[in-house]
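# Tertiary structure, described
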Amino acid sequence: MPPFTWLALPGRARPDAPRPQHPEPSPGSPPEPPPGSPQPLSTGTGPASGIPRRTTAPWRRPVRPRPAPDGGTADPDGTARRRAHRGLVAVCVAFGALSLLLVGPRLPLGWDELVYASRYAEFAPTTPFSAPRTRGVPVLLAPVAWFSGSVVLLRCWLTLLAAAALYLAYRPWLRAASRPGTAAWAAAGYGSIWFALFYAGAAMPNNYVATGCTAAVGCWLRLVRGPERRTARRLGLATAAALAVATLMRPNDTVWPALVLIGAALCARSRPTGARLRAGAAVAAGVAAGAVPWVVEAWVRFGGVGARLRAAGEVQGGMRPVFSLPEHLAALDGPLLCRPCTASGLGGAVVWWLLLASLVLLGVRAAHRAGRRAAAVVPVAAGLAVAAPYLFLVDYAAPRFLLPTYALLAPVAVEGARTLLTRREGRHPAVSARVTVAARVLACLLAATHLGVQLHQVTVHRGIQSGARGDWRLVERALRAHGVTPPCALAGNRTLIPVAHTAGCRALGPARAPDTGEGPPDTGQGPPVRPSALVLRNRPLPDWAARRGWHIHPVPGTYASGWRIAVPPDTARPGPQRR
């Protein structure tokens, strides 16, 4: 061996160096390491040398956190994930409890809710089921509406379903996001919106579309990374199931984010090909399974998919290129349906939207820097895909229309907020610490203000809806007082359907003469018949009814003004009359 070669061979002793003599181990000393294992340093460590002494056996290497597939840090022992899971459960429980407390289970069913609930005999009579409606909400109502007509029991059941749906929506984000805590904060952000709280116990589809799409995107983000086979199979089934539920509720809201997910799976060339194909197949299978009832009903009732789409467009007023962003901004503070919509009170709404958009942009930027671009771009693209038809093709607005968009943007906004509240080390650590503390205090104040405003909005709109829906009962009493009892048929303007259901009558449609051949739209209930009474709100008595001597009577004590009924001479009873 050439001289000094032993210097380049680590772990080899100098040939001419004396071998160290090891004393016999004492009874209390630790066992000797196994043969062939690295030997601990016996010199040059300890307090005298300034180098800390090793406290663990050298052959037992400390466990280091492995980088997660999305660029974050994994949680080897699951402590952070378990803590975040408990936080998510607490948020969902608080969401359901706040909805029951602020909205209350005794709120009468609304117009759309009556249409869905009347599929069951306990909520008869049956109201017309138009082309835009789907069978998803009646399926949700089945466990209660099948045997009970209690509104209180129905609302408690729906609130429980909404809290469970919120949990299932953000459960996949415990692993899909860069940090497990993102899931709980995102659920809290979405669940604190006033119309999410208001519709938690409502028989309406939008909340379930939001939670289904959010769960599907979270599972898709994990599935496309190429996990092990058993995990991939479970994630594929979860993705398909979430999209099937969302499609069963509203196919027109689910098809656009589904196309985004399929396109993203095809474009993610850095991911394994098999994982991309599985992700795209799961999305397509889920949408197809959820659309089967809608397609079957389209052929049975309307003569085809195209015919049902045309009928749905006629009911909703048609779709044409418009720009309805101002209407949606105005609807953030109510009413529940902005049609027609006045652009009043835009100041607070604009600030809220600008803050949300800023946080989303910060979240996308943070994900791009961390190498997790898909985790931010895909949910943002899916959320905007849901919002685009409502912003550019529909000329009216309702806050619930954009619930899926807010649910999908919530995790990205949380990541953006985290970048503002995380302390950065720089040249002036003291200044950085003060700025971070000030930012956190400001964030707490903004969060408290947001929560206070949203809870106030819930109580305000609960009172409005309680009064407005109570008017239907007052109109029913006025009809009874003037001799209109079941079986009966009512005609009138667009407020007719909920009044007819409350009164136990058949809804005919517009207040036209029964013998002119210009009857109500075809609802599958036969030709036009002579109405038993007319229900009018802010509308004069039709000329044909005035010529035939129909008597018009105001409805006293209503929450909203303008309610009147008109009855024919043969059923009219004494009372105040107005023209």
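Look up a bit, the structure's there.
Residues numbered from 1 in each chain as written. Predicted model: local features only at pLDDT ≥ 70, side-chain atom pairs only at ≥ 80, totals over all residues. Heavy atoms only, no water.

## Quick look at the packing of helix 4 (residues 151-170) against helix 8 (residues 206-223)
Direction vectors running N to C along helix 4 and helix 8 enclose 20°, while the axes themselves pass 7 Å from each other. By the angle between their directions, the pair helix 4 and helix 8 is classed as roughly parallel. For helix 4 against helix 8, the interelement crossing comes out left-handed. On helix 8, the residues touching L158, L161, A162, A165, L166, L168, A169 and Y170 of helix 4 are N207, Y208, T211, T214 and A215. Its residues placed into classes, the contact of helix 4 with helix 8 shows ten nonpolar, three polar and no charged. (Axes fitted to C-alpha atoms, helices over the stretch in contact; angles between N-to-C directions. Helix = DSSP H or I, 4+ residues; strand = E, 2+ residues; numbered from the N terminus. Parallel < 35°, antiparallel > 145°, perpendicular 65-115°, else oblique. Left-handed = near helix turned anticlockwise from the far one by under 90°. Contact = heavy atoms within 4.5 Å. Nonpolar A, V, L, I, M, F, W, Y, C, P; charged D, E, K, R; others polar.)

## Digging into the packing of helix 10 (residues 251-267) against helix 11 (residues 273-302)
Remark: helix 10 packs on helix 11, axes separated minimally by 9 Å, with the N-to-C direction vectors making an angle of 165°. Between helix 10 and helix 11, the angle is such that the two are roughly antiparallel. Judged by the sense of rotation from one axis to the other, the crossing of helix 10 with helix 11 is left-handed. The residues of helix 11 that touch helix 10, namely those facing P251, A258, L261, I262, A265 and L266, are R276, A279, G280, V283, A284, V287 and W294. Looking at the contact of helix 10 with helix 11, its residues break down into eleven nonpolar, one polar and one charged.

## Description of the pairing of strand 5 (residues 563-567)
It is a general feature of regular strands that their side chains alternate between the two faces of the sheet. Here strand 5 lies mainly inside the structure; five of its five residues are buried. Residues W563, I565 and V567 line one face of strand 5 and the alternating positions R564 and A566 line the opposite face, and both faces are buried. Pairing geometry for strand 3 (residues 533-537) and strand 5, over four bridges, is antiparallel. Looking at strand 5, one finds that L534 is bridged to A566. With four bridges joining them, strand 4 (residues 551-554) and strand 5 adopt antiparallel strand pairing. (Buried < 20%, exposed > 50% of the residue type's maximum accessible area, 1.4 Å probe, protein only. Pairing = 2+ DSSP bridges.)

## Considerations on the packing of aromatic side chains
Under the criterion given, the structure shown has ten aromatic pairs. Their ring planes at 65° and their centres at 6.1 Å tell us that Y396 and F401 sit as a pair that is edge-to-face. When its relative accessible area of 8% is taken as the criterion, Y396 is described as buried. Between the aromatic rings of W544 and W550, the centroid separation amounts to 5.4 Å while the plane-to-plane angle is 75°, which identifies the pairing as edge-to-face. For the pair shown, W544 and W550 are each scored as buried. Put simply, the rings of W194, F195, W352 and Y406 pair up and form one aromatic cluster. Its guanidinium or amino end placed over the ring of Y116, R133 lies 5.5 Å from that ring's centre, counting from NZ or CZ. (Phe/Tyr/Trp six-rings, centres within 6.5 Å; stacked < 30°, edge-to-face > 60°. Lys NZ or Arg CZ within 6 Å of the ring centre and 35° of its normal.)

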